[in-house]
Amino acid sequence: MNVTIIGGGYVGLVTGACLSTLNHNVTIVEIFPEKVEAINSAVPPIYEEGLEDILKARVGKNLTASTTYESVQTADAVFIAVGTPPNPDGSANLTYIRQAAENIAEELAKAHTEYPVVVVKSTVPPGTTKNVVCKTIREKLPDLKFGCCMNPEFLREGRAVFDFMNPDRIVIGTADARAADVMHSLYAGIEAPILDVEPTAAEMIKYTSNALLAAKISFANEIGNLCKKLGVDVYEVMKGVGMDSRVSPKFLNAGAGFGGSCFPKDVSALADIIRKENLEPVFLDAVLKVNDLQPLRMISLLEEKIGELTGKRIAVLGLAFKDNTDDIRESRSIPVIEKLLAAGAKPVCYDPMASDAMQKLLPNAEYVATAASALIEADGCLVMTEWPEFTKLDKEFDLMKTRAIIDGRHILSIPDAEGICW
Ligand code: UDX
C-alpha cells in the first residue's frame, strides 16, 4: 500500500519506518527540511533503538521523507502523527491537527486514490477524529469518498520499534467497514490481537491506558512513602501484590515519579476533558499531585541527612526522564535541580545522554562527564534516573565528602543508600 505519514517526530518516524518493513511504500511529511534530509540520508534525527538499521535498509527503496504533501494524492492511507502539546490549562492543543487535516484536504482536492483512509495516530481528545479531522475534510470536499479512522500508538520511547512490531494489541477505531479492511491489511504482517471499535472509543483507550499506567505508579509511590515510614520494603510489597494475575507486577516500581512526553500530558489532558464535562477529576488530580510531590521528597530526605542545603555540593545522577533516552521532558530531575538551586545548593549533574538538553534548560547547574566527577567532594547524592550503569557504581561513592545517598529509582547496589520509598 502507499502510506503517507504527516509528522516525522518520534511517533510518525517510527510508524513510517516500521510500516516500510511490512513492505508498504511510505512517505513521511515533515516541515523541518533538516529532518527530511536526515531521514533521506538514513540518519535518524532522534535516538531510537533499531531505527537506524531500518532507515539504512529502506530509505531509497520504499521509505522516503518530504517537506510537501504531494504523496497524499496517491496514498491509500494518510496517518496524522503531529504533536498535541499541552495548553497552559492542561488541555490538548489541536492547532497542528487542524492544520494537517486542512493540508490533507487541499491535496486530496487535486487528486486521490479510490478510497483514501485518513488515520489519526496522534493522541487526541475524544471526538477529535470525527468532529475535527474528518469533519474538516468532509466540509472542504463534500463529494469525496474517504475513510476515517483513529489508531492510537502505545510506543515507549527508546523501545518504540520493538513495541510497534510486537504490540499487545492494535486498536482500530472506525465505524466504516471499508476503512477497517484497509487498516487490517496494513497491519497484516504484525501478529497481535486487533480490537475494532468506534473512533471515539479508540481515542479514550489511549488516554485511559496512559492514565491507568500513571495511576499505578502514583499508587505505588503513595504506598511506598508509607512503607518507608513503617520500615517495609515497598518492592517486596508490590512483588506480592503484582503476583495476583488481576493486577500484574508492571508499573508498580515506586520511586521519584513519572515523566516523559506522554504520562504527565495525557493525565492532565484527560483531567481537563473530565472538567469540561462538568465532572471533577478527583482521582486523576490525585495521580498528578502525588507525582508533583514525589521528587520533592528526595530533597526533604536529603535535608534530613545533611541539614541546610545552602552551599552544599549535591551530585544529581540521571537527568533523562527514564533510561535509554536523551529526553528530559517532564523529567523528575527538573523540579529537583530547581529546588536545589533555589535553596542555594550547588547541583553537579551527570547523565549518559541528557546533559546537553538539561544544560540548555537549567544552565545554572554544573554538568560533568562522569558519575565519578559528580561525586567528588559531594555533600550528598540524588539518583533520579534508572540508568543501568548506576547499578555498577560502588567505589565512586568513596569520593564523596559526606556519604548521603538517596536512591530515587531502586537502582543502586551499595548497602548504605537510602531509598525514597524503601
Ligand atoms: C509511555 C507509555 O508506556 C507508552 O505506552 C505511551 O505510548 C507513551 O508513554 P514512555 O513515556 O516512553 O511511554 O515511558 P515509560 O517507559 O512508560 O515510563 C514513563 C515514566 O514512568 C518514566 O519516567 C519512568 O521512570 C516512570 N516509571 C515507569 C516509574 O516510575 N515506575 C514504573 O513502574 C514504570
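Summary of the structure given here. Small disclaimer: the values here were computed from a predicted structure and weren't measured. Per chain, the residues get numbers from 1 upward, laid out in the order the sequence is written. This being a predicted model, a pLDDT of at least 70 is required before a residue's local features are given, and a value of 80 or more before pairs of side-chain atoms are given or counted; all residues contribute to the totals for chains, interfaces and linings. To get the side-chain values, all heavy atoms of the structure are used, and hydrogens and water are removed first.

Glancing now at the pattern of salt bridges. Oppositely charged side chains can pair when the atoms bearing their charge come close. One side-chain nitrogen of Lys or Arg within 4 Å of one carboxyl oxygen of Asp or Glu is enough to make a salt bridge. Under the defined criterion, the tally for this structure stands at 22 salt bridges. Note that glutamate 153 and lysine 206 form a salt bridge whose closest N and O atoms lie 3.0 Å from each other. A residue pair is termed long-range when its members are at least 10 positions apart, and glutamate 153 in the loop between β6 (147-150) and α6 (160-165) and lysine 206 in helix α8 (residues 199-230) qualify at 53 residues. The residues glutamate 153 and lysine 206 share a single accessibility class, namely buried. Its salt-bridge partner being arginine 332, residue glutamate 330 comes within 3.7 Å of it at the nearest N-O pair. Arginine 332 sits in the buried class, given a relative accessible area of 7%. Each member of the salt-bridge network shares a partner with another, and the members are Glu157, Asp327 and Arg329. In DSSP terms, a helix is any run of H or I states spanning at least four residues, a strand is any run of E spanning at least two, and both are numbered starting from the N terminus. Burial here depends on accessible area, computed with a 1.4 Å probe over protein chains only, as a share of the maximum for the residue type. Under 20% is buried, over 50% is exposed, and the range in between is partly exposed.

Right, let's talk about the site of the ligand for a bit. Close to the ligand lie 20 residues, the nearest being Glu157, Asn253, Phe321, Lys322 and Glu386. Here a polar contact is recorded for every N or O atom pair within 3.5 Å, except that within protein the pair must consist of a potential hydrogen donor and a potential acceptor, and residues adjacent in sequence are included only if both atoms are side-chain atoms. The contact in question runs from an oxygen atom of the ligand to an N or O atom on the backbone of leucine 252, over 3.5 Å. Between an oxygen atom of the ligand and a main-chain N or O atom of glycine 259, the distance comes to 3.0 Å. It is α8 that provides the largest number of residues to the shell around the ligand, a total of three residues. A class-by-class count of the residues in the shell around the ligand yields nine nonpolar, four polar and seven charged. Domain assignment of the residues forming the shell around the ligand places at least three in each of domain 1 (2-197) and domain 2 (230-422). Nearness is defined per residue: one heavy atom within 4 Å of the molecule or strand is enough. Under the convention adopted here, Pro, Cys and the residues Ala, Val, Leu, Ile, Met, Phe, Trp and Tyr are nonpolar, Asp, Glu, Lys and Arg are charged, and Gly plus all remaining residues are polar. The split of the chain into domains comes from an automatic or database domain assignment.

In this section: the nonpolar core. Each nonpolar core is a collection of buried residues, namely Ala, Val, Leu, Ile, Met, Phe, Trp, Tyr and Cys, held together in the definition by side-chain atoms within 4.5 Å. Leu302, Leu317, Leu340, Cys381, Leu382, Phe390 and Phe397 are the most contacted members of the largest nonpolar core, which has 56 residues in total. With five residues, the top contributor of residues to this core is helix α11 (residues 282-306). Setting aside residues up to four positions removed in sequence, cysteine 381 forms contacts with Leu302, Ala315, Leu317, Leu375, Phe397, Met400, Ala404, Ile405 and Ile406. One finds Ala92, Met150, Val267 and Ile273 within the second-largest nonpolar core, a separate group that totals 45 residues. We call two residues in contact whenever any of their non-hydrogen atoms come within 4.5 Å of each other.

What goes into a patch is any residue over 30% in relative accessible area without a salt bridge, connected to like charges within 9 Å or, for nonpolar side chains (Val, Leu, Ile, Met, Phe, Trp, Tyr), within 5 Å. Computed with a 1.4 Å probe, the accessible areas rest on the Shrake-Rupley method; for each residue, only the protein chains presented here act as cover. A surface patch of nonpolar side chains, amounting to about 260 Å² of accessible area, comprises Leu226, Leu230 and Val232. Within the secondary structure, valine 232 sits in the loop between α8 and α9 (234-242). On the basis of relative accessible area, valine 232 is assigned to the partly exposed category, the value being 32%.

As a further point, take the environment of isoleucine 54. Tracing the chain through its elements places isoleucine 54 in helix α3 (residues 51-58). Judged by relative accessible area, which is 11%, isoleucine 54 ranks as buried. Residues within four places of isoleucine 54 in sequence aside, it is in contact with Ala17, Cys18, Ser20, Thr21, Val59 and Val161.

As a further point, take α8. Expected helix span is given by 1.5 Å per residue-to-residue step, counting one fewer step than there are residues. The terminal C-alpha atoms of α8 lie 47 Å apart, and with 32 residues this matches the ideal 46 Å at 1.5 Å per residue to within 8%. The first or second residue beyond α8 is glycine 231, which carries a positive phi of 75°.

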